[in-house]
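# Structural features, examined
Here is what each chain is made of, one letter per residue.
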Amino acid sequence: MMNTSNGMISAPSSSSSPAANPQSPGIKTYFKTPEGKYKLHYEKTHSSGLLHYAHGKTVTQVTIAQLKERAAPSTPTGTSSGYSASSGFRSATARLLGTGNGSRALSFVGGNGGGKSMSTSSRISGSFAASNSNTSMTNTNFDGKGTYLVFNVSDAIFICDLNSQEKDPVKSIHFSNSNPMCHAFDPDAKDGHDLLIGLNSGDVYTVSLRQQLQDVSKKLVGALHYNKDGSVNNSRCTSVSWVPGGDGAFVVAHADGNLYVYEKNKDGATESTFPAIRDPTQFSVDKAKYSKSNPVARWHICQGSINSIAFSNDGAHLATVGRDGYLRIFDFLTQKLVCGGKSYYGALLCCSWSMDGKYILTGGEDDLVQVWSMEDRKVVAWGEGHNSWVSGVAFDSNWSSPNSDGSGEHVMYRFGSVGQDTQLLLWDLEMDEIVVPLRRAPGGSPTYSTGSSAHWDNVIPMGTLQPAPCKRDVPKLSPIIAHRVHTEPLSGLMFTQESVVTACREGHIKIWTRPSESETQTNSSEANPTTALLSTSFTKDNKASLSSKIISGSTFKQ
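Presented here is a report on the structure given in the accompanying data block. Computed from a predicted model, the values in this text were never measured in an experiment.

### Comments concerning the sheet that holds strand S19 (residues 317-322)
Pairing is mixed in the open sheet, where 5 strands are placed in the order S18-S19-S20-S21-S31. Edge positions in the sheet fall to strand S18 (306-311) and strand S31 (464-466), since each of these pairs with one other strand and no more. Strand after strand, the sheet turns through a mean of 15° between neighbouring axes, direction not considered. Pairing between S19 and strand S20 (residues 326-331): 5 bridges, direction antiparallel. Pairing of leucine 318 across the sheet is with phenylalanine 330, part of S20.

Here's what the structure looks like:
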């Protein structure tokens, strides 16, 4: 996902690795926030004996996968919160991708059984032992909630049971000719193929996670293979994503600045060909020459690598960040550029949407976290606190303000960021507390408006890529906590209902449990109801102040 400089991945044992030892010097097993204490619950890692160090360096990425109980045929399948879309969007996506090229039913190829046995199977109990060759092919260990962590290290994909205290993975899958670089999970996949994997060679696979767990081998089983041997694009896959509500559609970003749209239910027997890119400096979209080929479309985004992509939860918009330092936001259905802008310095490495689709986070080589507003089509806040590249950002959709009145009128967002400085930072964003500059008249001082900047009189035209704004014209955020969570540079974080998950680039993962409800209520009752956790460079009492201010006191520094 990003340029690395640490060479080959080292191979410490899981028992002695500093990153796997909660008592590592300088690393505490908890961190404090205004609502309470987050505690290190358990860790996940890989066995160094399972790795083959033959393919060079990779950066670990982590995907959370929740396997659902299979519903009876007569029972409608419920959609997961935040990841579904309306039937209107599904049909619109179908029109965009094109359908009608034969049967949409696919059986699994190779591996341990066909589509019939998988479609009727339910959760199977028992224990799973990847090292035991005599274990039954359907002997598996599904935990109570069916939630797994999928992560890549070197030439392997590892799968861990999120709710188990076992440190080692329950499954490892090795790739003989390339490294897995990125992956994504679709909880609502209809045909069982819910795990999407992109490789360094450009190859792409979709597989059934359940089927991988049921098989005891260390190879992919039942996989569908796309862009085989880099036939369409042989540059490395940098980011992959399922299209929300896209009925099996997915997108794959590559290091050469191109993004491809695939339809999982096409067999891809006809190799896709695309016209030559007319102007490498301009965004362009081309459809495949043949209707039955897969991928079905190529989006030329930029010159240089696309480092990360993210869909809004309704699937309407796609955000990309790249080596050229630009965030670009597209209307996915119309295939038009909506807006975008540049980092202060260097490449952007990561991006993430708020659950309501109103804001986008970016992080990169300028050590900053930027908050983009879809309403204003520009940066509305930036966060300073990291000492090195920001490698992961995410909104915490499970968090609510302890002082919230429940009316929904004043929305506060909690989000997190991790960096190569080994730190996790948490931030609170309450747009009603921000005083933003409207414009700076020639030779004069800026004018200001409280609250949302929806009524700016210099609204950015649709499709404009903006330069980085002057820092003094954008409100500044300070983190509510900064905590060193690993000994190695971090590569990602995720929020679940019960915990915060952090991962370092070497393949060590930590799960931090949230404060208990009683602790949160106690801290909330003791807090000053007028406390504001948001620090800005612009305040109502001192509009021209450039110094960071935290009304609630000093940042929690661990």
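More follows now that the structure is in view.
### Some words on the packing of aromatic side chains
Considering all chains together, one arrives at 19 aromatic pairs under this definition. Between the aromatic rings of phenylalanine 283 and tryptophan 299, the centroid separation amounts to 5.8 Å while the plane-to-plane angle is 65°, which identifies the pairing as edge-to-face. Of this pair, phenylalanine 283 sits in the loop between strand S14 (270-271) and strand S15 (284-287) while tryptophan 299 sits in strand S17 (residues 297-300), placing them 16 residues apart in sequence. Overall, the relative accessible area of 26% leaves phenylalanine 283 in the partly exposed class. Consider the rings of tryptophan 299 and phenylalanine 330, whose centres lie 5.6 Å apart with planes at 75°: the pair is edge-to-face. Separated by 31 residues along the polypeptide, tryptophan 299 in strand S17 and phenylalanine 330 in strand S20 bring together distant segments of the chain. With respect to burial, tryptophan 299 and phenylalanine 330 carry one shared label: buried. Grouped by ring-pair contacts, the aromatic residues Phe283, Trp299, Phe311, Phe330 and Phe332 constitute a single cluster. Seen from the ring of tyrosine 326, lysine 342 lies directly overhead, with NZ or CZ sitting 5.8 Å from the centre.

### Section: the side chain of serine 239
By secondary structure assignment, the location of serine 239 is in strand S11 (residues 237-242). A relative accessible area of 6% means that serine 239 is categorised as buried. Side-chain polar atoms of serine 239 contact the backbone nitrogen of isoleucine 309, separated by 3.3 Å.

### Quick look at the pairing of strand S12 (residues 249-254)
The buried count for S12 comes to 6 of 6 residues, which makes it a mostly enclosed element. As judged from the 5 bridges shared by S11 and S12, these two strands associate in the antiparallel manner. What sits directly across from serine 239, in S12, is alanine 253. Linking two consecutive strands that pair antiparallel, namely S11 and S12, is a turn of 6 residues; a positive phi of about 70° is found at glycine 245 within it. Sheet topology note: the S12/strand S13 (residues 258-263) ladder contains 5 bridges and is antiparallel. For phenylalanine 250, the partnering residue across the bridge sits in S13 and is tyrosine 262. Counting the residues that bridge the hairpin from S12 to S13 gives 3 residues, and of these glycine 257 lies at a positive phi of roughly 90°.

### Brief notes about the sheet that holds strand S9 (residues 204-207)
One open sheet holds the 4 strands; their spatial order is S7-S8-S9-S10, and the pairing between them is antiparallel. Every other strand in the sheet has two partners, leaving strand S7 (180-185) and strand S10 (224-226) as the edge strands with one partner each. Here the average twist between neighbouring strands, direction ignored, is 20°. As judged from the 4 bridges shared by strand S8 (residues 195-199) and S9, these two strands associate in the antiparallel manner.

### Digging into the environment of glycine 36
Residue position: glycine 36 is located in strand S2 (residues 36-44). Each C-alpha atom of the pair glycine 36 and glutamate 517 lies 9.2 Å from the other, and the pair is 481 residues apart in sequence.

### Observations regarding the side chain of histidine 300
Position of histidine 300 among the secondary structure elements: in strand S17. Since its relative accessible area comes to 4%, histidine 300 is described here as buried. Among the polar contacts made by the side chain of histidine 300, one reaches the side chain of asparagine 258 at a distance of 2.9 Å. In contact with histidine 300, not counting residues within four places along its chain, are Gly257, Asn258, Ile277, Asp279, Pro280, Gln282, Phe283 and Ser284.

Thresholds applied
Residues numbered from 1 in each chain as written. Predicted model: local features only at pLDDT ≥ 70, side-chain atom pairs only at ≥ 80, totals over all residues. Heavy atoms only, no water. Pairing = 2+ DSSP bridges. Helix = DSSP H or I, 4+ residues; strand = E, 2+ residues; numbered from the N terminus. Axes fitted to C-alpha atoms, helices over the stretch in contact; angles between N-to-C directions. Phe/Tyr/Trp six-rings, centres within 6.5 Å; stacked < 30°, edge-to-face > 60°. Buried < 20%, exposed > 50% of the residue type's maximum accessible area, 1.4 Å probe, protein only. Lys NZ or Arg CZ within 6 Å of the ring centre and 35° of its normal. Polar contact = N/O pair within 3.5 Å; in protein donor to acceptor, adjacent residues only side chain to side chain. Contact = heavy atoms within 4.5 Å.

So far we have only geometry, and geometry alone does not tell us how the molecule works.
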